[in-house]
Amino acid sequence: MDKYKELKEPCKSALKYGYCLGCQALESKYFKEPKQCPNLINEGEQIKWNI
């Protein structure tokens, strides 16, 4: 049995394509993906960090 469930969007793609390096929330096995990542802003084709 896996300790963590499979990630869903938007986290799955963001991690896969390197837009996200992960966050502290991913440590929790009860992590639930947000509808929109608070650390990324998608402006068309450009991804900009919101830090």
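Visitor: What is the right way to read the environment of Cys-37 from this model?
Guide: Checked against the element boundaries, Cys-37 lands in the loop between helix H1 (11–16) and strand S1 (40–43). Relative accessible area serves as the criterion here: at 18%, Cys-37 is assigned to the buried category. Spatially, the C-alpha atoms of Cys-37 and Cys-11 are 7.5 Å apart, while their sequence positions differ by 26 residues.

Visitor: When you look at the confidence of the model for the chain in this model, what are you seeing that I'm missing?
Guide: Fine structural detail should not be taken from predicted coordinates in areas where pLDDT scores are low. Of the residues in the chain, 75% reach a pLDDT of 70 or more, and the chain-wide mean stands at 75. Averaged pLDDT values over the elements of the chain bottom out at 57 in strand S2 (residues 46–49) and peak at 84 in H1.

Visitor: Quick question: what am I supposed to make of the environment of Leu-21 here?
Guide: Within the secondary structure layout, Leu-21 lies in the loop between H1 and S1. Of the residues examined, Leu-21 reaches a relative accessible area of 77% and is grouped as exposed. C-alpha separation for the pair Leu-21 and Cys-11, spaced 10 residues apart in sequence, amounts to 9.9 Å.

Visitor: Before we go on, may I ask you to explain the pattern of salt bridges in this structure?
Guide: Pairing is possible between side chains of opposite charge, provided their charged atoms come close. Within the structure shown, the criterion is met by two salt bridges. In this structure, the salt-bridge partner of Glu-33 is Lys-5, at a minimum N-O distance of 4.0 Å. Placement of Glu-33 in the loop between H1 and S1 and of Lys-5 in the segment before H1 is noted, with a sequence separation of 28 residues between them. For Glu-6, the salt bridge is made with Lys-12, and the minimal N-O distance between the two is 3.0 Å. Looking at Glu-6, the relative accessible area reads 58%, which means it is exposed. A residue is classified by how much of its surface remains accessible, and Lys-12, at 40% relative accessible area, is partly exposed.

How each quantity is defined
Residue indices follow the written sequence of each chain, beginning from 1 at its first position. Side-chain atom pairs in this predicted model are given and counted only at pLDDT of 80 or more, local residue features only at pLDDT of at least 70, and totals for whole chains, interfaces and linings cover all residues. Water and hydrogen atoms play no part in the side-chain values, which are based on all heavy atoms of the structure. Elements are defined by DSSP. Helices are runs of H or I of four residues or more, strands are runs of E of two residues or more, and each kind is numbered from the N terminus. Exposure is judged per residue with a 1.4 Å probe applied to protein chains only, and the accessible area is read against the type maximum: over 50% gives exposed, under 20% gives buried, and values in between give partly exposed. The predictor's confidence in any single residue is recorded as pLDDT, a number from 0 to 100. Definition used for salt bridges: Asp or Glu carboxyl oxygen within 4 Å of a side-chain nitrogen of Lys or Arg.

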